[in-house]
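Remarks on the overall topology
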Amino acid sequence: MDVLNAQREGCAVGHLGIELTELGPDYLRGRMPVDARTKQPYGLLHGGSSALLAETLASIAANLCMEEGAGQAVGLELNCNHVRAMTEGWVVGTARPLHVGRSTQVWDIRIEDEQGRLVCASRLTLAVRKA
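Okay, so let's go over this structure. (Residues numbered from 1 in each chain as written. Predicted model: local features only at pLDDT ≥ 70, side-chain atom pairs only at ≥ 80, totals over all residues. Heavy atoms only, no water.)

1. With respect to the pattern of salt bridges
Stated formally: Salt-bridge detection follows one rule: a side-chain nitrogen of Lys or Arg within 4 Å of a carboxyl oxygen of Asp or Glu.
Under the counting rule described, the total for this entry stands at 7 salt bridges. In this structure, D35 and R37 form a salt bridge, with 2.6 Å as the shortest nitrogen-oxygen distance.

2. Let's talk about the nonpolar core
This is how it is decided: In this text, buried Ala, Val, Leu, Ile, Met, Phe, Trp, Tyr and Cys residues form a nonpolar core when linked through side-chain atoms within 4.5 Å. Accessible area is worked out with a 1.4 Å probe on protein chains only. A residue is then buried under 20% of its type maximum, exposed over 50%, and partly exposed in between. Note on conventions: DSSP H or I runs of at least 4 residues are helices, E runs of at least 2 residues are strands, and numbering of each starts at the N terminus.
Residues V91, W107, I109 and I111 are the most contacted members of the largest nonpolar core, which totals 28 residues. Residue assignment for this core shows that the elements contributing at least two residues are β2 (27-33), α3 (47-64), β4 (90-100), β5 (104-112) and β6 (118-130). The biggest single contributor to this core is α3, with 6 residues.

3. As for a nonpolar patch on the surface
Rule in force here: Patches were defined on residues exceeding 30% relative accessible area and lacking a salt bridge, with like-charge contacts within 9 Å and nonpolar side-chain contacts (Val, Leu, Ile, Met, Phe, Trp, Tyr) within 5 Å. Shrake-Rupley sampling with a 1.4 Å probe provides the accessible areas, and residues are treated as covered by the protein chains on show and by no other component.
Together, M1, L23 and L64 give the surface a local cluster of nonpolar side chains, amounting to about 260 Å² of exposed area. With respect to the helices and strands, the residue M1 is situated in the segment before α1 (2-6). Given the relative accessible area of 34%, M1 is considered partly exposed.

Printed below as a string of structure tokens:
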């Protein structure tokens with residue numbers, strides 16, 4: 001996880017405080033603070049911040065599924081349904097594959113509050129670009 005987390009420095013992932021926390025056999029989990037960096041002007045978690053967390057987790061996980069030198073998985077379409085408002089604390093996202101193919105991948109990303117309640121349900125479709 002240290003190597004993956006080191007890559008976040010100097011980009012949007014690092015600026016928003018996103019941390020990768022757990023890698024399992026069929027998932028990648030990370031968390032993001034709900035603070036001034038990730039809120040909209042009305043004090044609520046910004047939907048774009050949730051979208052960035054979702055795409056980050058699924059994109060990293062998708063690329064971890066690929067053989068070295070096989071190419072790169074890049075986002076094509078992201079869908080987010082924001083179902084619970086957040087004003088403080090942390091959100092935890094878990095990305096799981098729905099389809100891992102040679103030319104496309106589809107990932108489900110569930111973002112929850114610290115009590116496990118759904119905050120945002122997302123799905124990311126990625127294209128696999130050949131090396």
